[in-house]
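# What the coordinates show
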Amino acid sequence: MSDTYNWPRFYKLLCRYGPNLLVGIDEGMREIIEMNAESTDMFWSEGLEACLAEGAAGGSLRDGVLSALGLWRENVLDALDTNFGIELDWDLVWMDDDSPLIDELVDAASPG
C-alpha cells in the first residue's frame, strides 16, 4: 500500500459517488451505473490507480482524483456500450468537477 495515497478507500468511495458525479445522464441510467459500480468492478481499470498515484507523486492528490474521475467516466461509457449496447454521446456526459463530493474523494484518497 502506498504511503502517499489510500487506493482502497478512494476506490470504494469512487464506486459510491462516481455515478452521482456524472452529468448528462438520466436517473434510469444513473441507477444502472450505481448498481454495477456497487456490485461489480465493471468500471475499474489499471489506469485508475495510476492516475491517483501520479497526482500524489506530483504533490496534488486533487489532480490525481480528477484524473481518475475522467478515466472512470471513460470506463463507464465503454462498459455500457460493450456490456449493454448502450451508446451515450461522450460529448454530453461529463464529471461534475465542482461538486463537494470531490473534496470527500480527496479526503478518502489521503493516506492515513
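Now for a look at the structure at hand. (Residues numbered from 1 in each chain as written. Predicted model: local features only at pLDDT ≥ 70, side-chain atom pairs only at ≥ 80, totals over all residues. Heavy atoms only, no water.)

### Some words on a negative patch on the surface
Together, Glu74, Asp78, Asp81 and Glu87 give the surface a local cluster of negative charge. Mapped onto the elements, Asp78 comes out in helix H4 (residues 61-84). (Patch = residues over 30% accessible without salt bridge, like charges linked within 9 Å, V, L, I, M, F, W, Y side chains within 5 Å. Areas by Shrake-Rupley, 256 points an atom, 1.4 Å probe, with all protein chains shown as cover. Salt bridge = Lys/Arg side-chain N within 4 Å of Asp/Glu carboxyl O. Lys, Arg positive; Asp, Glu negative; His and termini not counted. Charge placed at Lys NZ, Arg CZ, Asp CG, Glu CD. Helix = DSSP H or I, 4+ residues; strand = E, 2+ residues; numbered from the N terminus.)

### Some remarks on the pattern of salt bridges
As enumerated under the stated definition, the model contains 2 salt bridges in all. A salt bridge links Glu27 to Arg30, with the nearest nitrogen and oxygen atoms 3.2 Å apart. Placement of the pair is Glu27 and Arg30 together in helix H2 (residues 27-39), with a separation of 3 residues, close to one helical turn. You can call Arg30 buried: its relative accessible area is 10%. Here Asp103 and Arg62 are joined by a salt bridge, their closest N and O atoms 2.8 Å apart. (Buried < 20%, exposed > 50% of the residue type's maximum accessible area, 1.4 Å probe, protein only.)

### Focus: helix H5 (residues 101-109)
When H5 is considered as a whole, its buried residues turn out to be Leu101, Ile102, Leu105, Val106, Ala108 and Ala109. Here the buried residues of H5 occupy an arc of 160° about the axis, which is enough to place them on one side. Tucked inside the fold, the buried residues of H5 contact helix H1 (7-21), helix H3 (46-57) and H4. (Arc of directions from axis to C-beta. Contact = heavy atoms within 4.5 Å.)

### Let's talk about the packing of H4 against H5
For the pair H4 and H5, the least separation of the axes is 9 Å and the interaxial angle reads 110°. As the angle between them shows, H4 and H5 are arranged roughly perpendicular. In this structure, H4 crosses over H5, and the sense of that crossing is right-handed. Contacts between H4 and H5 involve Leu61, Arg62, Val65, Leu66 and Leu69 on the former and, on the latter, Ile102, Asp103, Leu105, Val106 and Ala109. (Axes fitted to C-alpha atoms, helices over the stretch in contact; angles between N-to-C directions. Parallel < 35°, antiparallel > 145°, perpendicular 65-115°, else oblique. Left-handed = near helix turned anticlockwise from the far one by under 90°.)

Fair warning: the whole summary comes from geometry, so function is off the table for now.
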